[in-house]
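Structural description and commentary
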Amino acid sequence: MEKQKYAVTVAGGGSTFTPGIALMLLEHMDRFPIRKIMFYDNDAERQETVAKACEIYLKEHAPEIEFGYTTDPETAFTDIDFVLAHIRVGKYAMRELDEKIPLKYGVLGQETCGPGGIAYGMRSIGGVIEILDYMEQYSPDAWMLNYSNPAAIVAEATRRLRPNSKILNICDMPIDLEEKMANMVGLSSRKEMQVGYYGLNHFGWWHKIYDKNGNDLMPQIKEHMKANGFADALSDTNQHVDESWVHTFQKARDVYAVDPDTIPNTYLKYYLFQDYVVETSNAEYTRANEVMDGREKFVFGECERIIANGTSEGCAFEADAHATYIVDLACAIAENTQERFLLIVPNEGAVENFDRTAMVEIPCIVGCNGYEKICQGAIPQFQKGLMEQQVSVEKLTVEAWIEGSYQKLWQALTLSKTVPSARIAKLILDDLIEANKDFWTELK
Ligand SMILES: NC(=O)c1ccc[n+]([C@@H]2O[C@H](COP(=O)([O-])OP(=O)(O)OC[C@H]3O[C@@H](n4cnc5c(N)ncnc54)[C@H](O)[C@@H]3O)[C@@H](O)[C@H]2O)c1
Ligand SMILES: O=P(O)(O)OC[C@H]1O[C@H](O[C@H]2[C@H](O)[C@@H](O)[C@@H](O)O[C@@H]2CO)[C@H](O)[C@@H](O)[C@@H]1O
Ligand SMILES: [Mn+2]
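Residues numbered from 1 in each chain as written. Chains lettered and ligands numbered in written order. Predicted model: local features only at pLDDT ≥ 70, side-chain atom pairs only at ≥ 80, totals over all residues. Heavy atoms only, no water.

Note the following rule: UniProt positions are given in the numbering used here, feature names are shortened, and annotations may be inferred rather than shown by experiment.
The name an unreviewed UniProt entry assigns to the protein is Maltose-6'-phosphate glucosidase, from the organism Anaerostipes rhamnosivorans. Database annotation for the protein, UniProt heading Sequence similarities (unreviewed entry): "Belongs to the glycosyl hydrolase 4 family." Quoted verbatim from the Subunit (unreviewed entry) field of UniProt, the annotation for the protein is "Homotetramer."

Here it is, written out as structure tokens:
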């Protein structure tokens, strides 16, 4: 019997990640056969550059796949099985402001953490909910695999506003770090490890890591973390070459030292070493500038070259090997593989001594009916304390969005461990409101 073939819509067709993901999908056609790929974006011009290049590539490498791109929701979301969502509401221009505005006040500027993450969350919620609604309207049986950021806030918003929707929120940072840990202990893949992990998105810890025979790998990984952090450990992604990422992997050594019983997610540096992050930031040139001058220029330059040549021959795009987790996740649903993934899901007791309504990042087993959570037990006081504070920031942000509340957003910023006082929080908030007036509803 012929294997079923799937139709996939990439929401955020103009994303810098789209070509790498399209090539990755083609490489995995043996296990995830595709009949149609649609790109959807609300910026026709940006998407067209990426789409025209991908169209040429697809014609040359997989002509049997129906391909289209559109800004029309009905065309994009009709007759599909999966939505892969990676939108960035406000694009890099707004990321730059998210990063630079807090720095004016001596507070770190980061895409998903601190005030920048809160501002980005206030823009993303509406965009992701809109796409989810389109999917449900035009393809009610489809699943959305969402990795649009800030995933913690987006996930809390979907829990509050669309609790029954078929959406899985996932992040690739733990995947990259698990690849590095596998490399530290001489394993060829993270899939040869079984992990225990708890936290919020971009805010979590590994507390158990075994190999397939049940041997404890933590002692060896801890030795490496103590000496080098995640530096000098390889993973199968070639995207982390920028200096700023190298520093992040090195800094994980200091983050690890704060709690040597667990292995931290790299993003914890923004909450535990916020002064260091500010001191080492350049308020005139942040990560958004690096990405615009690097990844964005490269991707769009390459797309334009393919279009001008009329062929993808010799193109520098590579399948994003790292993004194969997306195919793994789609296969888990499509073929009931019951594979384990770290997902961002409602806690409901999985982390025993933590808010039942929190969206936590924990291991889950995924199959055709969705996920089942793997209980992580009780967590230590240190992590619990940090998580209580951060989850409140995320919940207050979502409440502020739902209610249009200035007060709640001010509270969210004030509560963030990255912000020193309510006064500074208010100064940053007022600047963010001005910068986001095309994206946020009016706050009262
Ligand atoms: N979860 C993860 O681990 C992970 C990893 C990498 C990137 N990301 C996220 O993926 C997203 C894309 O990143 P990027 O750097 O390629 O950004 P990008 O700006 O290159 O692409 C985002 C695209 O989304 C489009 N868009 C914005 N709002 C939209 C809307 N409402 N509807 C439809 N399309 C919309 C933009 O026009 C743009 O083409 C970001 O949210 C980023 O944070 C997540
Ligand atoms: O600063 P950026 O835009 O380069 O990266 C921000 C994203 O960082 C993480 O994703 C990484 C991922 O960990 C890595 O292995 C590879 O695939 O690249 C991704 C993007 O650089 C993080 O998980 C994302 O949420 C961030 O958006
Ligand atoms: Mn992430």
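The discussion continues.
1. Considering the coordination of the manganese ion (ligand 3)
Quick reminder of the rule: Counted as donors are the N, O and S atoms within 2.8 Å of the metal, or 3.2 Å for Na, K and Ca, while water is not among the atoms, so some sites may look incomplete. Secondary structure elements follow DSSP: runs of H or I no shorter than four residues count as helices, runs of E no shorter than two count as strands, and numbering proceeds from the N terminus.
Of the protein atoms, only Cys171 (SG) and His202 (NE2) coordinate the manganese ion (ligand 3), at distances of 2.2 to 2.3 Å. A residue pair is termed long-range when its members are at least 10 positions apart, and Cys171 in the loop between β6 (167-169) and α7 (173-184) and His202 in the loop between β7 (193-200) and β8 (203-211) qualify at 31 residues.

2. Examining the site of ligand 1
Threshold: Any residue with a heavy atom lying within 4 Å of a molecule or strand is counted as near it. For the purposes of these results, a polar contact is taken to be a pair of N or O atoms within 3.5 Å, where, inside protein, one atom must be able to donate a hydrogen and its partner to accept one; residues adjacent in sequence count only when each atom of the pair is a side-chain atom. For accessible areas, the Shrake-Rupley method is used with a probe of radius 1.4 Å. Any residue's cover is judged against the shown protein chains and nothing else. Any residue outside Ala, Val, Leu, Ile, Met, Phe, Trp, Tyr, Cys, Pro, Asp, Glu, Lys and Arg is labelled polar, Gly included; the first ten of those are nonpolar and the last four are charged.
As a structural note, the neighbourhood of ligand 1 is formed by 27 residues, with Ser15, Asp41, Tyr92, Tyr120 and Asp172 the closest of them. Contacts to ligand 1 include Asn42, whose side-chain N or O atom sits 3.3 Å from a nitrogen atom. Calculation on ligand 1 without its partners gives an accessible area of 860 Å², and the protein chains cover 95% of this total. Elements with a contribution of two residues or more to the shell around ligand 1: α4 (91-104) and α5 (114-138). The greatest single-element share of the shell around ligand 1, amounting to three residues, is contributed by α5. When its residues are assigned to classes, the shell around ligand 1 shows ten nonpolar, nine polar and eight charged.

3. Notes on the packing of aromatic side chains
The test is simple: Classification of ring pairs rests on two measures: the distance between centres of Phe, Tyr or Trp rings, Trp counted by its six-membered ring, which must be within 6.5 Å, and the angle between planes, read as stacked under 30 degrees, edge-to-face over 60 and tilted in between. Exposure classes here rest on a 1.4 Å probe applied to the protein chains alone. A residue is buried below 20% of its type maximum, exposed above 50%, and partly exposed in between. Both a distance and an angle decide whether a charge sits over a ring: NZ of Lys or CZ of Arg must be within 6 Å of the ring centre and within 35 degrees of the ring normal.
What the rule picks out here adds up to 16 aromatic pairs. With centroids separated by 4.6 Å and ring planes inclined at 70 degrees, the aromatic side chains of Tyr197 and Trp206 adopt a geometry described as edge-to-face. Across the pair, exposure class does not vary: Tyr197 and Trp206 are buried alike. Each ring, one from Tyr198 and one from Trp205, has its centre 6.1 Å from the other, and the planes form 35 degrees; the classification is tilted. Take Tyr198 and Trp205: they sit in the same class, and that class is buried. Three or more aromatic residues joined by ring pairs make a cluster, and in this case those are Tyr198, Phe203, Trp205 and Tyr271. Its end group placed over the ring of Trp410, Lys426 keeps NZ or CZ at 5.5 Å from the ring centre.

4. Describing the site of ligand 2
Among the 18 residues in the neighbourhood of ligand 2, the closest are listed as Arg95, Asn149, Asp172, Arg287 and Arg295. Side-chain polar atom of Arg95 to an oxygen atom of ligand 2: 2.8 Å apart, as the coordinates give it. At 3.2 Å from an oxygen atom of ligand 2 is found a side-chain nitrogen or oxygen belonging to Tyr267. Taking 520 Å² as the accessible area of ligand 2 by itself, protein coverage stands at 94%. Ranked by residues supplied to the shell around ligand 2, first place goes to helix α12 (residues 287-309) with three residues.

5. Observations concerning the UniProt feature "binding site: Mn(2+)" (unreviewed entry) in the protein
Selection rule: Contacts were defined at the residue level, with two residues in contact if any of their heavy atoms lie within 4.5 Å.
As annotated in UniProt, the feature "binding site: Mn(2+)" (unreviewed entry) corresponds to Cys171 and His202 in the numbering used here. With the annotated positions falling across 32 residues, the maximum pairwise C-alpha distance of 8.2 Å places them together in a single cluster. Taking relative accessible area as the criterion, Cys171 reaches 7% and is therefore assigned buried. Once you skip the residues sitting within four places of it in the chain, Cys171 turns out to touch Asn201, His202 and Glu361. Taking relative accessible area as the criterion, His202 reaches 5% and is therefore assigned buried.

6. So, unusual backbone geometry
A cis amide bond links Asn149 with the next residue in sequence, Pro150, at an omega value of -10 degrees. For Pro150, the location among the structural elements is in the loop between β5 (143-146) and α6 (151-161). Within the chain, Glu348 stands out as a residue other than glycine whose phi angle is a positive 45 degrees. Within the fold, Glu348 resides in the loop between β10 (339-346) and β11 (359-367).

7. Considerations on the sheet that holds strand β9 (residues 263-264)
Put simply, the rule reads: Between any two strands, at least two bridges found by DSSP are needed for them to pair.
The antiparallel open sheet is built from three strands, whose spatial order is β7-β8-β9. Two strands lie at the open edges of the sheet, namely β7 and β9, each paired on one side alone. Two strands pair when backbone bridges link them, and β8 and β9 are joined in this way by two bridges, in the antiparallel orientation. The partner of Trp205 across the bridge, within β9, is Pro264.

8. Describing the UniProt feature "binding site: substrate" (unreviewed entry) in the protein
This chain's UniProt record puts "binding site: substrate" (unreviewed entry) on Arg95, Asn149 and Arg287. Classification of Arg95 by relative accessible area gives buried; the value is 6%. Those residues in contact with Arg95 that lie beyond four places of it in its chain are Arg88, Glu111, Arg123, Arg287, Ala288, Val291 and Arg295. Contacts of Arg287, omitting those with residues within four sequence positions, involve Arg95, Glu99, Asp242, Ser244, Trp245 and Arg295.

9. Considerations on the nonpolar core
In plain terms, the rule: Remark: nonpolar core denotes a set of buried residues (Ala, Val, Leu, Ile, Met, Phe, Trp, Tyr, Cys) joined through side-chain atoms within 4.5 Å.
Core analysis: the biggest nonpolar cluster contains 100 residues, and Leu25 and Phe32 have the highest contact counts within it. Ranked by residue count, the leading element in this core is helix α13 (residues 324-335), at eight residues. In this structure, Leu25 is in contact with Val8, Phe32, Ile34, Ile37, Leu84 and Val327, ignoring residues within four places of it in sequence. Counting 20 residues, the second largest nonpolar core, distinct from the first, contains Ile101, Ile424, Leu432 and Trp440.

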